[in-house]
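Structural description and commentary
The residues making up each chain are set out below.
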Amino acid sequence: MYRRRKVEIEEKPEIPENLKDFGYVLKENGEVRSITQDLPYEFDYLPKDRPYNEERYHKFIEIIGDEVEDRLQKAPFNFQKVIVPIGADPAKDVHSYIYMTPNAMTTTDKLMVLIPGNNTRIGQWSRRVMCDSNIQSGSMMEISEMVLEKGYEVIILNSNANFWYNGRAQLVAQTRTGVAVTVPGSETPEEHCQYVFHNFIRNTKAEKVAVIANSWGGYSFALTLNTEFDFIKQHVKVVAMTDSVHIRDMIKGEKQRTFMFDNCYNWSASTDKKGTLVPDVRFGCTNISSGEEIADYTLPTMLKDIMNFIFVKMGDIEVNSDQEESDDDELKELTEEDLRELSRIDILSSNA
């Protein structure tokens, strides 16, 4: 008789619960580095075991996310959680939340709205940047600090917290049960953006509003432009997008498209020289190269240019008239070319 060989199940290391047990430390400058070698997070902890490495990374980034949210709620930011949908009882109802600075709804001056891309928790731009560079530039802390110093109030959207289980809103649907319970008003990132604009941002007293939207956040804002245009055309003075995935054809109406063309810039990953114009009529707005091959680094690389663009449009920085005329001349040829191309597309679309 042959005896069946006993299958030995390899025991895998338990996934740690804190940074120290992971072997990492959060330095004063915001870098997350290994304690022994001062290196960024290493994904391949167990070679050739991607499921384990992904689970381990998910826990690691969850710890970093907790730290980001904790810091956002303390000085100098002092963000406050606001429950969505309106009227939900957090003790018993399905809900999510957004962040606001204390006077976001009551300021009569300036408001900044921050819309993230996909696969990030509230307050984050890029998990990659948080792990490889530092948590300030990879999160919304750096921009928040910059605008708070100039007297802005801030609202941070929580676009990806769409699914409800284990007593809180989650980024991904629960796969074990096969039943997807979604947060009312935040069933998708796009619906969350429209809900927050309709129920909060349009009810603020701010005279001037600026928007920064990353990746899918640009797509969500483009759809919101269709539903909240009466408010946006009066109060939103500037929209800065990074690697947005919207297209011009999403935007309904010539007035809405004109608004996008006049008030929005999109910075995107490109092999073209940093800061050069990249004509792409699909966006319906000025498109600028970040000189980066990886989209995650567009925002931190172009941050100075992005914030200068916002501060000029919002009236925080005075532009030298000679420089403004020079810039206008530089863009004139591209603008006329784009307008001709956009007109051609309209004609082709109407004949389709």
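Above this note sits the structure.
Reference entry: report on the structure contained in this document. Values in this document were obtained by computation on a predicted structure and should not be read as measured data.

It is worth spelling out the overall build of the protein chain at this point. Broken down by element type, the protein chain carries 11 helices and 12 strands. Relative to its full complement of 352 residues, the protein chain shows a buried share of 47%. In the protein chain, of all internal contacts separated by at least 6 residues, the share reaching a separation of at least 24 is 67%. Carbon together with sulfur atoms contributes 47% to the accessible area of the protein chain, which is approximately 18,800 Å² in total.

A cluster of nonpolar side chains, Val 312, Ile 317 and Val 319, forms an exposed patch at the surface whose accessible area comes to about 180 Å². Val 319 sits in the partly exposed class, given a relative accessible area of 36%.

A word on the packing of aromatic side chains. Within this structure, the stated rule accounts for 16 aromatic pairs. On the basis of an interplanar angle of 50 degrees and a centroid distance of 6.1 Å, the ring pair of Phe 79 and Tyr 99 is categorised as tilted. Within this pair, whereas Phe 79 is found in the loop between helix 2 (50–72) and strand 3 (80–84), its partner Tyr 99 is found in strand 4 (residues 96–100), the two being separated by 20 residues in sequence. Three or more aromatic residues link up through ring pairs in this structure, and these residues are Phe 22, Tyr 24, Tyr 41, Phe 43, Tyr 57 and Phe 60. A cation over an aromatic ring shows up here: Lys 150 above the ring of Phe 311, its NZ or CZ 5.0 Å from the ring centre.

The next subject is helix 10 (residues 298–313). By the largest-angle criterion, Lys 304 marks the main kink of helix 10, which is about 55 degrees. What helix 10 keeps buried is the set Thr 298, Leu 299, Met 302, Leu 303, Ile 306, Met 307, Phe 309, Ile 310 and Phe 311. Directly after helix 10, the chain includes Gly 315, whose backbone phi takes a positive value near 85 degrees.

So, on to the sheet that holds strand 4. Within the open sheet, the eight strands sit side by side as 3-4-6-5-9-10-11-12. Their pairing is mixed. Pairing within the sheet leaves two strands with one partner each, and these edge strands are strand 3 and strand 12 (286–289). Between one strand axis and the next, the sheet turns by 20 degrees as a mean value, whatever way the strands run. Pairing analysis gives four bridges linking strand 11 (residues 264–268) to strand 12, with the strands arranged parallel. Across the sheet, Ser 268 pairs through a bridge with Ser 289, a residue of strand 12. The sheet contacts of helix 7 (residues 216–227) involve strand 5 (110–115), strand 9 (208–214) and strand 10 (236–242), and relative to strand 9 the element is tilted by about 135 degrees.

By definition, a disulfide links two cysteine residues through a covalent bond between their sulfur atoms. In this structure the tally under the stated criterion is zero disulfides. For Cys 264, which is in no disulfide, the shortest distance to another cysteine sulfur is to Cys 285 and amounts to 3.9 Å. Assessed through its relative accessible area of 0%, Cys 264 is described here as buried. Given the relative accessible area of 4%, Cys 285 is considered buried.

Reading guide: rules and limits
- Residues numbered from 1 in each chain as written.
- Predicted model: local features only at pLDDT ≥ 70, side-chain atom pairs only at ≥ 80, totals over all residues.
- Heavy atoms only, no water.
- Helix = DSSP H or I, 4+ residues; strand = E, 2+ residues; numbered from the N terminus.
- Buried < 20%, exposed > 50% of the residue type's maximum accessible area, 1.4 Å probe, protein only.
- Contact = heavy atoms within 4.5 Å.
- Areas by Shrake-Rupley, 256 points an atom, 1.4 Å probe, with all protein chains shown as cover.
- Patch = residues over 30% accessible without salt bridge, like charges linked within 9 Å, V, L, I, M, F, W, Y side chains within 5 Å.
- Salt bridge = Lys/Arg side-chain N within 4 Å of Asp/Glu carboxyl O.
- Phe/Tyr/Trp six-rings, centres within 6.5 Å; stacked < 30°, edge-to-face > 60°.
- Lys NZ or Arg CZ within 6 Å of the ring centre and 35° of its normal.
- Bend = angle between axes of the 7 residues up to and from the residue.
- Pairing = 2+ DSSP bridges.
- Axes fitted to C-alpha atoms, helices over the stretch in contact; angles between N-to-C directions.
- Disulfide = S-S within 2.5 Å.

These results come straight from atomic positions and should not be treated as a statement about function.
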